[in-house]
Amino acid sequence: MTDYSAELVEKIRHFQLHGVLVKNELNDESIVQELVFEEQLVLISAPEMKNIEELCHQPFLMNTKGCPHRDQLETWLKTIGIGKIRYLEFNHPDAIIQGVISGLGASLVPKSSILSLEIKGLVRSFEIPEQYSTAKTFFIRHKDSLMTSALSKFIEMLKQSSSVGWG
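Conventions used here
- Residues numbered from 1 in each chain as written.
- Predicted model: local features only at pLDDT ≥ 70, side-chain atom pairs only at ≥ 80, totals over all residues.
- Heavy atoms only, no water.
- Core = buried A, V, L, I, M, F, W, Y, C linked by side-chain atoms within 4.5 Å.
- Buried < 20%, exposed > 50% of the residue type's maximum accessible area, 1.4 Å probe, protein only.
- Helix = DSSP H or I, 4+ residues; strand = E, 2+ residues; numbered from the N terminus.
- Contact = heavy atoms within 4.5 Å.
- Salt bridge = Lys/Arg side-chain N within 4 Å of Asp/Glu carboxyl O.

On to the nonpolar core. Of all hydrophobic cores here, the largest spans 18 residues; its most connected members are Leu43, Leu55, Phe60, Leu73, Trp76, Leu77 and Leu108. Of all the secondary-structure elements, those providing two or more residues to this core are strand 2 (31-45), strand 3 (60-62) and helix 3 (68-79). The element best represented in this core is helix 3, accounting for 3 residues. Discounting residues that sit within four places of it in the chain, Phe60 has contacts with Leu43, Leu55, Leu73, Leu77, Ile85, Arg86, Tyr87, Leu88, Ala106 and Ser107. In this structure, Val42, Ile97, Val100 and Ile114 belong to the second largest nonpolar core, which totals 10 residues.

Here it is, written out as structure tokens:
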């Protein structure tokens, strides 16, 4: 199931789900969280875009408000003096990337999701400062939930997958 992180966390708190993957670190004593992978976010644009300054004046293709990547983008843009941001909202990463390829604007996405497209010359990526470009994903569960052998193996699989670049 996919849903907004806040909704999924509530389902964990009420024992309606065994565990979920979320992008935000939580400060909740009833929740056990484990970092399962970390990835670098990069700005992407159509290949003809020459620099970050030019890119920052494009509309940004992002998920809806509340998306952690969008929040990181807004925080970084404010530090470089850009407060007015135009968005085209999409709710699927592939739609965002295809929109960038089509020239609709720019985005902030995991580098792993565009590597092959960049090699083919379909997009261009730009790095931003590390404090704004690190994306973490946590597996969370209620601290009082039953740790079954299947759940334990699933968490182990997530951690092993992340060590080989899953993202």
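So, next bit.
Here Phe15, not a glycine, exhibits a phi torsion of approximately 60 degrees, which is positive. Structurally, the position occupied by Phe15 is in the loop between helix 1 (5-13) and strand 1 (20-22).

Tallied over the full model, the rule gives 8 salt bridges. One salt bridge in this structure joins Asp28 and Arg13, with 2.6 Å as the shortest N-O distance. Of this pair, Asp28 sits in the loop between strand 1 and strand 2 while Arg13 sits in helix 1, and the two are 15 residues apart along the sequence. Overall, Arg13 belongs to the partly exposed group, its relative accessible area being 32%. When the shortest N-O distance is used, the salt bridge between Asp144 and Lys143 registers 3.5 Å. You can call Asp144 exposed: its relative accessible area is 53%. Each of Glu10, Arg13 and Asp28 takes part in salt bridges that share partners, so that together they form one network.

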